[in-house]
Amino acid sequence: MIATGRVERTTGRSLNTVLRRLDSGQLLLICAAGLVAVAGVAHTATVGLDRPEIAVGFGALIAVGELARLTMPGNREVAPIGAAAALGYTLLLDLSQHPLTHSALQVVAVIAVGMAAGAAPHLAVGRPPRLDAMARRLLTGALLAFAFRPLADPLRRMTEPPTSTWWPALAVMVTLIAVNLLVDVLIAAWLRAEQVRTAFRVAVRDELNMAFPLGAAVAASGVLLALATHSMDLVALLVFAAPLLVTQVAFRKYAGIRATYLQTVRALSRVTEVGGYVEPGHSRRVSRLAVAVGRELGMAEPELLELEYAALMHDIGQLSLRDPIPGGATVLTEPEQARRIAELGAEVIRQTGVLDRVAELVRRQCDPISADPPLSSRIIKVANAYDDLVGPSTDRDRSGAALERVRCAPGGAYDPHALEALARVIDRGRL
């Protein structure tokens, strides 16, 4: 009883925390997915399951996929195995030459129950899933089911003798999946634009570059699973689950390496703070400012990651100084000294052997505009100057005075586009 109570309290706190973090777009998506799920489950409970052993088999694989979900770069929660299983169940035409007539609402019910079963253990231990990500997976799966299931019977008849051709069915599958992937990208971009406060077109481009390849691989797996089940029965679930699990382990390791990388860079950036060379929190504040400005200027996600790394370590060259600069404010030093600090910091970063591009961004942060430094270097220079003057203060008068001082720097020392983007970021509170 005590253990059950603890689990219930943990689950309740986790759900409350998740709900407090949701914006209006996420809530709308979750409500829509909830209505669709309730409709699917209610309809299926009323009319009963068609071929329950198949529904249970695919539902179990969906649950395993949700249980083994992972977070990819950009804080994208994905469940490739569950998504492939849901796609395979949607596209099923027959099993051992026996036609399958399950409806779109039954597909929705199987997906919803499978996802809930896979998410339950995470909730029990206080690791709530991303409700918006689950809702998106459910809604896109439902859209495909409502588009494909009414066509399943005529497509299945085309695969029977005497014609026995799969090309029309395959063409319809690929077409609907392509449209479904595009809808998924647009929904994901809409959510991401709200979450990270970037332009919708930028979010669409990032989703196409970062998430679409994985979505295409999942789609291909789902189609193969549906076609294999035609001749292999439910054994196809086991045959395809093994390589999908291996692939997911590889994805998890990749995501873990990326997360460890960022944690290492953040730890390294704090060395200057611990040593008293810069004010506490300076590197993190500059990094957040720089990334927000980069988003404002429409930078792609890989560029933003490099910008974040470089901004975190932009002051690491100060470790070479015998006498720390007062407050670590390089904006108040001579240009030659600031450039020397940047060059020394770049040499330190280059020693890692894997961050050469980041080292170059740090090295060129103090270059004049006439030398045409990279955009990321210009952004770091602006963000650093602003934080050197403002620090952790939230006073708007001090913020305005700092912006004006940076704008009036002699010789056009700062990139005007980065400056204006910084002003918009600060004015909107987009940090």
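The rules we used
Residues numbered from 1 in each chain as written. Predicted model: local features only at pLDDT ≥ 70, side-chain atom pairs only at ≥ 80, totals over all residues. Heavy atoms only, no water. Helix = DSSP H or I, 4+ residues; strand = E, 2+ residues; numbered from the N terminus. Buried < 20%, exposed > 50% of the residue type's maximum accessible area, 1.4 Å probe, protein only. Contact = heavy atoms within 4.5 Å. Areas by Shrake-Rupley, 256 points an atom, 1.4 Å probe, with all protein chains shown as cover. Polar contact = N/O pair within 3.5 Å; in protein donor to acceptor, adjacent residues only side chain to side chain. Axes fitted to C-alpha atoms, helices over the stretch in contact; angles between N-to-C directions. Parallel < 35°, antiparallel > 145°, perpendicular 65-115°, else oblique. Left-handed = near helix turned anticlockwise from the far one by under 90°. Nonpolar A, V, L, I, M, F, W, Y, C, P; charged D, E, K, R; others polar. Patch = residues over 30% accessible without salt bridge, like charges linked within 9 Å, V, L, I, M, F, W, Y side chains within 5 Å. Salt bridge = Lys/Arg side-chain N within 4 Å of Asp/Glu carboxyl O. Phe/Tyr/Trp six-rings, centres within 6.5 Å; stacked < 30°, edge-to-face > 60°. Lys NZ or Arg CZ within 6 Å of the ring centre and 35° of its normal. 1 Å grid on protein atoms, 1.4 Å probe; cavity = no way out; pocket = protein on both sides within 12 Å on 5 of 7 lines; lining within 4 Å. Points joined across faces, edges and corners; volume = space filled by probe spheres on them.

Asker: Help me understand the overall build of the protein chain in this model?
Answerer: Helix and strand counts for the protein chain stand at 18 helices and 4 strands. Principal axes of the C-alpha set define a box for the protein chain whose edges measure 85 × 55 × 35 Å. Within the span of the protein chain, comprising 431 residues, buried residues form 49% of the whole. Counting only contacts in the protein chain whose residues sit at least 6 apart along the sequence, the fraction spanning at least 24 positions is 72%. Counting every atom, the protein chain has about 20500 Å² of accessible surface; 63% of that belongs to carbon and sulfur.

Asker: Just checking my understanding: could you explain the side chain of Gln-26 for this structure?
Answerer: Inspection of the secondary structure assignment puts Gln-26 in helix 2 (residues 24–47). For Gln-26, a relative accessible area of 5% puts it in the buried group. Among the polar contacts made by the side chain of Gln-26, one reaches the side chain of Asp-132 at a distance of 3.1 Å.

Asker: Quick question: what am I supposed to make of the packing of helix 13 (residues 301–312) against helix 16 (residues 375–390) here?
Answerer: Geometrically, a packed helix pair is captured by the angle between its two axes and the distance between the axes. Axis separation between helix 13 and helix 16 bottoms out at 10 Å; the angle between their running directions is 45°. The orientation of helix 13 relative to helix 16 falls into the category oblique. Where helix 13 crosses over helix 16, the handedness of that crossing is right-handed. For the pair helix 13 and helix 16, contact is made by Glu-303, Leu-307, Ala-310 and Ala-311 and by Ser-376, Ile-379 and Ile-380, respectively. Of the residues assigned to the contact of helix 13 with helix 16, the class counts are 5 nonpolar, 1 polar and 1 charged.

Asker: Any chance you could explain the environment of Leu-403 here in plain terms?
Answerer: Its place among the elements puts Leu-403 in helix 17 (residues 396–407). The exposure class of Leu-403 is buried, given its relative accessible area of 9%. The sequence separation of Leu-403 and Lys-253 amounts to 150 residues, and the corresponding C-alpha distance is 43 Å. Excluding its chain neighbours within four sequence positions, the residues that come into contact with Leu-403 are Tyr-386, Leu-422, Ala-423 and Ile-426.

Asker: Explanation requested: the packing of helix 4 (residues 80–91) against helix 6 (residues 131–158) in the structure shown.
Answerer: The N-to-C vectors of helix 4 and helix 6 enclose an angle of 15°; their axes lie 9 Å apart at closest approach. Our classification of the angle between helix 4 and helix 6 gives roughly parallel. In this structure, helix 4 meets helix 6 at a crossing whose hand is right-handed. When helix 4 is examined against helix 6, the residues Leu-87, Tyr-89, Thr-90 and Leu-91 are found in contact with a partner set consisting of Gly-141, Leu-144, Ala-145, Phe-148 and Arg-149.

Asker: Can you help me understand a nonpolar patch on the surface in this one?
Answerer: A surface patch of nonpolar side chains, amounting to about 460 Å² of accessible area, comprises Leu-28, Leu-182, Leu-186, Trp-190 and Phe-200. Ranked by the residues each element gives to the nonpolar patch, the list is headed by helix 7 (residues 167–196), at 3 residues. Tracing the sequence through the fold places Leu-28 in helix 2. Here Leu-28 falls in the exposed class, since its relative accessible area comes to 55%.

Asker: It is not clear to me how the packing of aromatic side chains should be interpreted in this structure. Could you clarify?
Answerer: Any aromatic ring pair is given by two values, namely how distant the centres are and how the planes are angled relative to each other. A full pass over the atoms with the stated rule returns 1 aromatic pair. For the cation-ring pair, Lys-381 lies above Tyr-414, with the distance from its terminal atom to the ring centre recorded as 5.3 Å.

Asker: Which parts of the structure should I look at to understand empty space enclosed by the protein?
Answerer: A probe matching the size of a water molecule, rolled over the atoms, marks out where space remains unfilled. Within the structure shown, the criterion is met by 3 cavities of 30 Å³ or more. Volume-wise, the largest cavity comes out at about 60 Å³. The wall of the largest cavity is formed by Arg-192, Val-196, Thr-198, Val-202, Ala-203, Asp-206, Arg-295, Met-299, Glu-301 and Leu-304. Secondary structure elements with two or more residues in the lining of the largest cavity: helix 7, helix 8 (200–210) and helix 13. Of the residues forming the lining of the largest cavity, the biggest block, 3 residues, is contributed by helix 8. Split into classes, the residues belonging to the lining of the largest cavity amount to 5 nonpolar, 1 polar and 4 charged. The calculated volume of the second largest cavity comes to roughly 50 Å³. If you go around the second largest cavity, the residues you meet are Arg-364, Gln-365, Asp-367, Ile-369, Pro-373, Ser-377, Arg-378, Lys-381, Val-382, Ala-413, Tyr-414 and Asp-415. Taken together, the residues that form the lining of the second largest cavity break down as 5 nonpolar, 2 polar and 5 charged.

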